[in-house]
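What follows is each chain in one-letter form.
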Amino acid sequence: MSLSAKEKVIVKDFFAKVSSRSDEIGAEALARLIVVYPQTKSYFAHWKDLSPNGAPARKQGITVMGGLYEAVSKIDDMAGGLLTLSELHAFVLRVDPVNFKILSHCIMVVLSMLFAEEFTPQIHVAVDKFLALVALALSEKYR
Amino acid sequence: MVEWTDFERAPIQSIFSKMDYDDVGPAPLSRYLVVYPWTQRYFGNFGNLYNAAAIQGNPMVAAHGKTVLHGLDRAVKNMDDIKATYAELSVLHSEKLHVDPDNFRLLADCLTIVVAARMGAAFTADVQGAFQKFLAVVVSSLGRQYH
């Protein structure tokens, strides 16, 4: 499943449109990740504060969104463009790939909440595919 | 046996009691058919599902969407034994409709997204947690009788 030319435009346009609230999106998505899927906290045992609205969660959410915007800019070759991030996730973080799906779902719930009118089914499918491809690029070096 | 706290029961009852089935009903099913197009395999007799606009305007999809959503009412009323409540429906989906149970999860995800859109900021992380727990029990119960 790859993104068509039209879907790439949809993704770029949508992410540009929501960019002014990207910190908020990231923070909300992370909060939901650790509340709705508490097992994900296992990756954040080193945080002083594991609360969903705490500073570490918010910061992590902002970091994730930064990575997503980088992926948008490299949408034509994500595996190549995200090589450093891929190596980070494979050799250092070693996050089980199932969690990429979970976080993607949380991100889309937040997008739907904050941008109800804009997050139409057509945009939803393009974003869903994009996030799945980002996850794939991040797991590129796993084995 | 699934344990529910009062903090979990409340938002679930509230969401469904406030739901406008005419408005919300068609939305999760049509979204599911657009976002996961392979699911259209179960709706061969629904006519035009050729593109997103056709799906969203299709009256059979709208009607069936409402049917499915009303199907959740029974679980909302019988939260303490959803497994038994859906035993027959599970058999139906397995033996007669031959639906891959992963579809229940896909539709549940679309319902979550639709409810999030309707509720906005009121769909807090805790509410999302309770709602998804409820849907997970529904999904599990519908797949329970498959063999």
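Criteria and cut-off values
Residues numbered from 1 in each chain as written. Chains lettered and ligands numbered in written order. Predicted model: local features only at pLDDT ≥ 70, side-chain atom pairs only at ≥ 80, totals over all residues. Heavy atoms only, no water. 1 Å grid on protein atoms, 1.4 Å probe; cavity = no way out; pocket = protein on both sides within 12 Å on 5 of 7 lines; lining within 4 Å. Points joined across faces, edges and corners; volume = space filled by probe spheres on them. Helix = DSSP H or I, 4+ residues; strand = E, 2+ residues; numbered from the N terminus. Nonpolar A, V, L, I, M, F, W, Y, C, P; charged D, E, K, R; others polar. Core = buried A, V, L, I, M, F, W, Y, C linked by side-chain atoms within 4.5 Å. Buried < 20%, exposed > 50% of the residue type's maximum accessible area, 1.4 Å probe, protein only. Contact = heavy atoms within 4.5 Å. UniProt positions renumbered as here; feature names shortened; annotations may be inferred.

1. Here we look at the layout of surface pockets
In this model, the largest pocket occupies a volume close to 1,100 Å³. For the lining of the largest pocket, the secondary-structure elements that each account for two or more residues are helix 6 (98-114) and helix 7 (121-138) of chain A together with helix 3 (26-35), helix 9 (102-119) and helix 10 (125-143) of chain B. Residue composition of the lining of the largest pocket, grouped by class: 26 nonpolar, eight polar and nine charged.

2. A closer look at the nonpolar core
Judged by nonpolar contacts, the single largest core of 78 residues is most densely connected at Val127(A), Phe130(A), Phe16(B) and Phe134(B). The element that contributes the greatest number of residues to this core is helix 6 of chain A, accounting for eleven residues. Residue contacts for Phe16(B): discarding those within four places in its chain leaves Tyr21(B), Leu72(B), Asp73(B), Val76(B), Phe131(B) and Phe134(B). Judged by nonpolar contacts, the second largest core, of 16 residues, contains Leu29(B), Phe43(B), Ile55(B) and Cys110(B).

3. What about the UniProt feature "domain: Globin" (unreviewed entry) in chain A?
This chain's UniProt record puts "domain: Globin" (unreviewed entry) on residues 2-143 of chain A. Between the end C-alpha atoms of residues 2-143 of chain A there is a gap of 21 Å, over a span that is 68% helix and 0% strand.

4. Notes on the UniProt feature "domain: Globin" (unreviewed entry) in chain B
According to UniProt, the "domain: Globin" (unreviewed entry) feature falls on residues 3-147 of chain B. Taken end to end, residues 3-147 of chain B is 70% helix and 0% strand, and its first and last C-alpha atoms sit 26 Å apart.

5. Observations concerning unusual backbone geometry
Phi at Arg94(A) takes a positive value of approximately 45°, unusual for a residue other than glycine. Looking at the element boundaries, Arg94(A) is found in the loop between helix 5 (83-93) and helix 6. Residue Arg94(A) is classed as exposed on the basis of its relative accessible area of 59%. Even without being glycine, His98(B) reaches a positive phi, approximately 50°. Secondary-structure assignment places His98(B) in the loop between helix 8 (87-96) and helix 9.

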